[in-house]
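Inside the fold
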Protein chains: 2
Amino acid sequence: MRPFESALCDSWSPADWADCTVLVAVSGGADSVALLRALMAIRKQGKGRLIVAHIDHNLRVESAEDAEFVQELADRLAIPALFGKVEFEFTLTESGDGIEAAAREARYKFLKQFAMEQGARYIVTAHTADDQVETVLQRILRGTSVAGLTGIPRARELAPGISLLRPMLGIRRAEVEAYLAEIGQDFRHDATNDESDFFRNKLRNELLPLLRSEYLPQVDQSLLRLAAGATECREYVAAEAERLLDACLLTQSSKQVTLNAKRLATADPFLAIEACVLLWRRQDWSRQEMGRDKWRALLTLIAADAPAPIELPGGIRAEKKGEQLTLTPPS
Amino acid sequence: MRPFESALCDSWSPADWADCTVLVAVSGGADSVALLRALMAIRKQGKGRLIVAHIDHNLRVESAEDAEFVQELADRLAIPALFGKVEFEFTLTESGDGIEAAAREARYKFLKQFAMEQGARYIVTAHTADDQVETVLQRILRGTSVAGLTGIPRARELAPGISLLRPMLGIRRAEVEAYLAEIGQDFRHDATNDESDFFRNKLRNELLPLLRSEYLPQVDQSLLRLAAGATECREYVAAEAERLLDACLLTQSSKQVTLNAKRLATADPFLAIEACVLLWRRQDWSRQEMGRDKWRALLTLIAADAPAPIELPGGIRAEKKGEQLTLTPPS
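Within every chain, residues take consecutive numbers counted from 1 along the sequence as written. Think of it this way: whatever chain is written first is A, whatever ligand is written first is 1, and the rest follow in order. Local features are withheld for residues below a pLDDT of 70 in this predicted model, meaning they are given only at 70 or higher, and side-chain atom pairs are given and counted only at 80 or more; totals for whole chains, interfaces and linings count all residues. Calculation of side-chain values draws on the structure's entire complement of heavy atoms; hydrogens and water are dropped beforehand.

Naming follows an unreviewed UniProt entry, where chain A appears as tRNA(Ile)-lysidine synthase of Blastopirellula sediminis. UniProt positions are given in the numbering used here, feature names are shortened, and annotations may be inferred rather than shown by experiment. According to UniProt, the comment filed for chain A under the heading Sequence similarities (unreviewed entry) is "Belongs to the tRNA(Ile)-lysidine synthase family." What UniProt states about chain A under its Catalytic activity (unreviewed entry) heading is, verbatim, "cytidine(34) in tRNA(Ile2) + L-lysine + ATP = lysidine(34) in tRNA(Ile2) + AMP + diphosphate + H(+)".

Shown next, in the form of structure tokens:
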């Protein structure tokens, strides 16, 4: 087995997937082509199926050629390939960020749909340690919280029984390129999902090389370790917040939530806010305008004796009666 | 009251210190000269004393002139000034980091000694939001944990009844400079404690300006908010770790510590390691070589049934007998 293939096995045990249907997101770029080739090589023993999924974002003129490349590759490897094409309607005011976010959303929607149609257990994407470094650095510069520092998650449940997995998150791009050279596999040079993201490319091609050469050669390792540490810390905090929320929750529906205000008021304020953030997420209430001051206002209400009700962003009414907090979104 | 003076009052209420003895660390640079002048202006109403402390690190040829400048300033303001001179013995192999760390340690040792001699309640230093930004960015690049992201702490107890405080940590260097221009106060241009730190200066004078102009104008705010978020998160984790440690601690002396292994084994592993880190700090045991793998080895021992004892870095022996963990440093 080649070094890249072993690294992939170490990260994602073949026993976990060799008998499953696995949908592999392949852009045609080096990372995803290497992932596909390595999974093919590893799978030999298993009974599972590999299926290629290619999403054409239609953002570059060459994108049709990327799709052709992926089709030919899949044909040569004799595995099925599914193609999705995103139709965007752009306005000139749209920022690169907005386009990127819309493209990402459309991509995962297609992948999820394909996975459901094919009965896939896993969707795998080829994000590497280099993608992680760039994501963490980008978030740090743009402004993030400890939660944001966790970077790209390794695993996420996209739908019941369908996991999105990134088994290459601990593997460097250089290892990918060495592997492709070794097996003589070509790839599309610009088939990246981020090509519309000017900031990201500048960070990858200018800032990170500058930091490595002029500041610290080990800056990538620094960012990866920080992401790993933040992930451990956030997993703990998230578990505690969930425990607190569940202990406080009295009734929950899309129309109203009632909580044990006394229990919430005696918790650590940091954790109480984390529990509220989790509740907002579970209820799918917008957190866009729920800044630090709004969460604090909610905590103040919870701790007060017979306070007047307040209205939070999104028109959510918070009212405390006795020892019960009622949260009501607009009907 | 001038804007800088009000900002300082907002950050550190005069009611808290106006009747106390306050030792002000003054290098002669803009930040500390502004701090001294503003505290003088604010204090007028109070009965407390201000005392200047200047530590000459003897690292630059001009350092004697810095001391003279501070002496003249104190004389003009009619407040007492204390001077400490650090005598280093360098070896050619010493890195800038080593020198900086030694200088910092010597500085705080002098300040603490002066504060004790003078019965000072507070030692204040003039670290600004810009120092915080630089510290956080430097740590990110060099490699840090969530704990390291908290940056320069606002307050720290240096000795019983003596607090080290940084009331300017929310104030930008530009506000400092505007204030000094307003009141026509000069300062020593290179009187910085970091002048020996090439990396720090490069980060301040090259990298941060580049990030602001070529990447994100708001990068300073991003880093300050990250530090604030990390501080809240860490305070919560530290409080929980302390609670867990105290709940597990059976006996504690410099020669031996015994812990309730069962209690520790049932805690969240992340928190259990945090509690052990805290114990190591309390015992003043070296954590230098206690990497992630060593902490995990300790957790494994704690969770195991009748395991063999292990030796941890620093010769600390960890032994589990029944439900009791014994930690013994070398005698």
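Residues and elements named next belong to chain B. Axes here refer to lines fitted to C-alpha atoms; in helices the fit is confined to the stretch in contact. Angles between the N-to-C directions go from 0 to 180 degrees. Strands are runs of DSSP state E lasting at least 2 residues, helices are runs of H or I lasting at least 4, and numbering of each runs from the N terminus. One can describe the packing of helix H3 (residues 30-43) onto helix H4 (residues 63-77) by two numbers: an axis separation of 12 Å at closest approach and a directional angle of 10°. One way to sum up the angle between H3 and H4 is to call them roughly parallel. The residues of H4 that touch H3, namely those facing Val-33, Leu-36, Arg-37 and Met-40, are Phe-69, Leu-73 and Leu-77. Oblique is the label for any angle not covered by the other classes, which are roughly parallel (under 35 degrees), roughly antiparallel (over 145) and roughly perpendicular (65 to 115). Any two residues whose heavy atoms approach within 4.5 Å at even a single point are treated as in contact.

With that settled, consider the interface of chain B and chain A. By a widespread convention, an interface's size corresponds to the accessible area lost as its parts come together. Listed by partner, the interface residues are 36 residues for chain B and 36 residues for chain A. Accessible area, probed at 1.4 Å, shrinks when two parts are joined; the buried area is that loss added up over both. Of the roughly 3200 Å² buried between chain B and chain A, counting both surfaces, carbon and sulfur atoms make up 68%. Area buried by chain B at its contact with chain A is led by B:Leu141, B:Tyr215 and B:Tyr236, which between them contribute 22% of it. A salt bridge links A:Glu232 to B:Arg296; the nearest nitrogen and oxygen atoms lie 2.8 Å apart. Where the side of chain B that touches chain A is concerned, the elements lending two or more residues are helix H6 (129-142), helix H7 (146-149), helix H9 (198-215), helix H10 (219-248), helix H12 (269-283) and helix H13 (292-303) of chain B. Here the side of chain B that touches chain A gets 12 residues from one element, more than from any other, and that element is H10(B). Looking at the side of chain B that touches chain A residue by residue, the class counts come to 20 nonpolar, six polar and 10 charged. Counted as salt bridges are all cases of a side-chain nitrogen of Lys or Arg within 4 Å of a carboxyl oxygen of Asp or Glu. In this classification, Asp, Glu, Lys and Arg are treated as charged, Ala, Val, Leu, Ile, Met, Phe, Trp, Tyr, Cys and Pro as nonpolar, and every other residue, Gly included, as polar.

Looking now at the packing of aromatic side chains. A pair of Phe, Tyr and Trp rings is counted when the ring centres sit within 6.5 Å of each other, with Trp represented by its six-membered ring. The angle between the planes then sorts it: under 30 degrees is stacked, over 60 is edge-to-face, the rest tilted. One pass over the full model with this rule turns up 17 aromatic pairs over all chains. Note on A:Trp280 and A:Trp285: the rings are 5.0 Å apart at their centroids and 85° apart in plane angle, and the pair reads as edge-to-face. There is no split in this pair, since A:Trp280 and A:Trp285 are both buried. Site record: aromatic cluster; members linked through ring pairs are A:Tyr236, A:Phe270, B:Tyr236 and B:Phe270. Charge-over-ring contacts are defined here by two conditions on Lys NZ or Arg CZ: a distance within 6 Å of the ring centre and an angle within 35 degrees of the ring normal. If you follow A:Lys202 out to its NZ or CZ, it ends over the ring of B:Tyr215, 5.0 Å from the centre. Stacked on the ring of B:Phe199, the Lys or Arg B:Arg142 has its end atom at 4.5 Å from the ring centre. Using a 1.4 Å probe on the protein chains alone, a residue whose accessible area is under 20% of its type maximum counts as buried, one over 50% counts as exposed, and one in between counts as partly exposed.

This paragraph deals with helix H9 (residues 198-215) of chain A. Take the seven residues that end at a residue and the seven that start at it, fit an axis to each, and the angle between those axes is the bend at that residue. Within H9(A), the axis deviates most sharply at A:Arg204, by approximately 35°. Of the positions making up H9(A), those classed as buried are A:Phe199, A:Arg200, A:Asn201, A:Lys202, A:Leu203, A:Arg204, A:Leu207, A:Leu208, A:Leu211 and A:Tyr215. Buried residues along H9(A) sit in contact with helix H6 (129-142), helix H8 (173-183) and helix H10 (219-248) of chain A together with H6 and H9 of chain B.

A few words now on the relation of the copies chain B and chain A. Between chain B and chain A, which share one sequence, the superposing operator has a rotation angle of 180° and an axial displacement of 0.0 Å; the RMSD is 0.1 Å. Classification of the inter-copy transformation places it as that of a two-fold axis. It is B:Val146 whose C-alpha, among those of chain B, lies nearest the rotation axis, at 3.6 Å. Superposition of the copies was done by least squares, using only C-alpha atoms of residues whose pLDDT is at least 70 in both.

This brings us to the packing of helix H1 (residues 3-11) of chain B against helix H8 (residues 173-183) of chain B. Residues and elements named next belong to chain B. Close contact between H1 and H8 brings their axes to 9 Å; oriented N to C, the two are set at 130°. Viewed along their axes, H1 and H8 adopt a mutual orientation that is oblique. Contacts between H1 and H8 involve Pro-3, Phe-4 and Glu-5 from the former and Glu-175, Val-176, Tyr-179 and Glu-182 from the latter. Of the residues belonging to the contact of H1 with H8, the class tally is four nonpolar, no polar and three charged.

All names here are of chain A. Going residue by residue along strand E3 (residues 81-85), you find Leu-82 and Gly-84 tucked away on one face and Ala-81, Phe-83 and Lys-85 left uncovered on the opposite face. In this scheme, strands are said to pair when DSSP sees at least two bridges between them. Bridging between strand E2 (residues 49-56) and E3 involves five bridges; their strand directions are parallel. What sits directly across from Ile-55, in E3, is Gly-84.

A word on the sheet that holds strand E6 (residues 162-165) of chain A. Residue and element names in this part refer to chain A. Taken together, six strands build an open sheet; the order of strands is E3-E2-E1-E4-E6-E5 and the sheet is mixed. Both edges of this open sheet fall to E3 and strand E5 (155-159), since each of them pairs with a single strand only. Adjacent strand axes in the sheet meet at a mean angle of 25°, parallel and antiparallel pairs treated alike. Of the strand pairs in this sheet, strand E1 (residues 21-25) and E2 are connected by five bridges, and their pairing is parallel. Note that in E2 the partner of Leu-23 across the bridge is Ile-51. The strands that helix H3 (residues 30-43) touches are E1, E2 and strand E4 (122-124); relative to E2, the one it contacts most, it runs at about 170°. This element, helix H4 (residues 63-77), spans E2 and E3 of the sheet and lies at about 170° to E2.

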